[in-house]
Amino acid sequence: MIDEEWSRYACNLLKAELARSGIGYEELVKRLDAIGIQESYKGLAAKVNRGTFSFAFFAQCMAALGTKTVRLNE
């Protein structure tokens, strides 16, 4: 149960950063590709919606978004 809560938290955090940036999944796929990370739209959407991604993937997404600071508590 705790893992599910953390997965949901990570999912919501990534979605919040996407919203702050005004970026959707399609644009994120393009930006990830630009930094050498190949991900399909469908694969990305599945990972994010399930919250089944590693911290490394989260960091890659933040780099692709140009996000330097992530707020963990709001």
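Preceding this paragraph is the structure being described.
Not measured: the values here are computed from a predicted model.

> So what about the packing of aromatic side chains? Which residues, and what values?
Tallying each qualifying case throughout the model produces four aromatic pairs. Relative to phenylalanine 57, the ring of phenylalanine 53 has its centre 5.9 Å away and its plane inclined at 55°; by these criteria the two rings are tilted. Per residue, the accessibility class of phenylalanine 53 equals that of phenylalanine 57, and both read buried. Positioned above the aromatic ring of phenylalanine 57 is the side chain of lysine 47, whose terminal nitrogen or guanidinium carbon lies 4.3 Å from the ring centre.

> So what's going on with the layout of surface pockets? Residues and values would help.
If you add up the space inside the largest pocket, you get close to 200 Å³. Around the largest pocket, the lining is made up of 14 residues, and of these Ala10, Leu13, Phe55, Phe58 and Leu72 lie nearest the centre. Among the secondary structure elements, those contributing two or more residues to the lining of the largest pocket are helix H1 (2-21) and helix H4 (55-65). With five residues, H1 is the largest single contributor of residues to the lining of the largest pocket. Among the residues forming the lining of the largest pocket, the class breakdown is eleven nonpolar, three polar and no charged.

Definitions and limits used
- All residue numbers refer to positions counted from 1 along the written sequence of the respective chain.
- With pLDDT at 70 or above as the cut-off, local features in this predicted model cover only qualifying residues; side-chain atom pairs require 80 or more to be listed or tallied, and sums for whole chains, interfaces and linings still use all residues.
- The side-chain figures draw on all heavy atoms in the structure; neither hydrogens nor water molecules are used.
- By convention, a stacked pair of Phe, Tyr or Trp rings (six-membered ring in the case of Trp) has centres within 6.5 Å and planes under 30 degrees apart, an edge-to-face pair has planes over 60 apart, and any other such pair is tilted.
- Only protein chains enter the accessibility calculation, which uses a 1.4 Å probe; a residue whose area is less than 20% of its type maximum is buried, one above 50% is exposed, and one in between is partly exposed.
- Distance and angle both matter: a charge sits over a ring if NZ of Lys or CZ of Arg is within 6 Å of the ring centre and within 35 degrees of the ring normal.
- Here a cavity means grid points, on a 1 Å grid over the protein atoms only, where a 1.4 Å probe fits yet cannot get out; a pocket means an open set of points with protein on both sides within 12 Å along at least five of seven lines; lining residues are those with an atom within 4 Å of a point.
- Grid points are joined across faces, edges and corners, and a volume is the space filled by probe spheres set on the points.
- The helix count covers DSSP runs of H or I at least four residues long, the strand count covers runs of E at least two residues long, and both are numbered beginning at the N terminus.
- When residues are grouped by polarity, Ala, Val, Leu, Ile, Met, Phe, Trp, Tyr, Cys and Pro land in nonpolar, Asp, Glu, Lys and Arg in charged, and all others, Gly among them, in polar.

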